[in-house]
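Each chain, written out:
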Amino acid sequence: MGNPVTHFEVLGEDAAALQNFYGQVFGWEMQDMMDGAYYMANPGSGPNGGVGSSMGRPGHVTFYVEVDDLAAALARIEELGGRTIQPPMDVPNGPSIALFADPEGHAIGLVKGQ
């Protein structure tokens with residue numbers, strides 16, 4: 001099988017307003033993870049996600065694809081015309097992630113498989 005989408009994020013200026021909006025519109029269960037700056041979203045089926053603050057940057061939506069090796073995936077992405085935005089990093093109490101831009105500049109996340 002291919003590499004599954006395992007996580008999504010919706011980040012913007014007002015994390016609480018976004019959390020309230022998505023929670024009410026779709027009935028997602030939300031759990032505050034960072035004192036109101038980031039909420040884990042549980043849609044009930046499909047991948048879980050996050051809704052939170054973009055920390056002063058422009059808001060955006062990102063999905064994360066699971067891969068076995070972040071560095072190898074980023075190398076392949078760059079061979080095919082993409083570029084690394086965020087090299088591999090360990091999320092505190094979480095997985096290892098990276099971000100890349102596709103050839104048109106869309107930001108996509110990678111998450112290291114367990």
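Structure first, text after, so check above.
About the criteria used
Residues numbered from 1 in each chain as written. Predicted model: local features only at pLDDT ≥ 70, side-chain atom pairs only at ≥ 80, totals over all residues. Heavy atoms only, no water. Helix = DSSP H or I, 4+ residues; strand = E, 2+ residues; numbered from the N terminus. Expected span 1.5 Å × (residues − 1). Buried < 20%, exposed > 50% of the residue type's maximum accessible area, 1.4 Å probe, protein only. Arc of directions from axis to C-beta. Contact = heavy atoms within 4.5 Å. Core = buried A, V, L, I, M, F, W, Y, C linked by side-chain atoms within 4.5 Å. Pairing = 2+ DSSP bridges.

Here we take up helix α1 (residues 15–26). Taking 1.5 Å of rise per residue, the twelve residues of α1 would be expected to cover 16 Å, and the 16 Å separating its terminal C-alpha atoms lies within 8% of that figure. Of the residues making up α1, those classed as buried are Ala15, Gln19, Tyr22 and Gly23. Buried residues of α1 fall within an arc of 100° about the axis and therefore sit on the same side. Residues of α1 that are buried sit in contact with β1 (5–12), β2 (29–32), β3 (38–42) and β4 (48–53). One or two steps after α1, the chain reaches glycine 27, where phi turns positive at roughly 70°.

Let's shift gears to helix α2 (residues 70–79). What α2 keeps buried is the set Leu70, Ala73, Leu74 and Ile77. Mapping the buried residues of α2 onto a view down its axis gives an arc of 100°, with all of them on the same face. Tucked inside the fold, the buried residues of α2 contact β5 (60–67), β6 (83–90), β7 (96–101) and β8 (107–112). Where α2 terminates, the next one or two residues include glycine 81, which has phi positive at roughly 105°.

Attention now moves to the nonpolar core. Formed by Val65, Val67, Leu70, Ala73, Leu74, Ile77, Ala98, Phe100, Ile108 and Leu110, the largest nonpolar core amounts to ten residues. For this core, the element with the highest residue contribution is α2, accounting for four residues. Aside from chain neighbours lying at most four places away, what touches valine 65 is Asn3, Pro4, Val5, Ile108, Gly109, Leu110 and Val111.

What follows covers the pairing of β5. Here β1 pairs with β5 via six bridges, running antiparallel. Bridge pairing links valine 5 to valine 65 in β5. Across four bridges, the pairing between β5 and β8 is parallel. If you follow tyrosine 64 over to β8, its bridge partner there is glycine 109.

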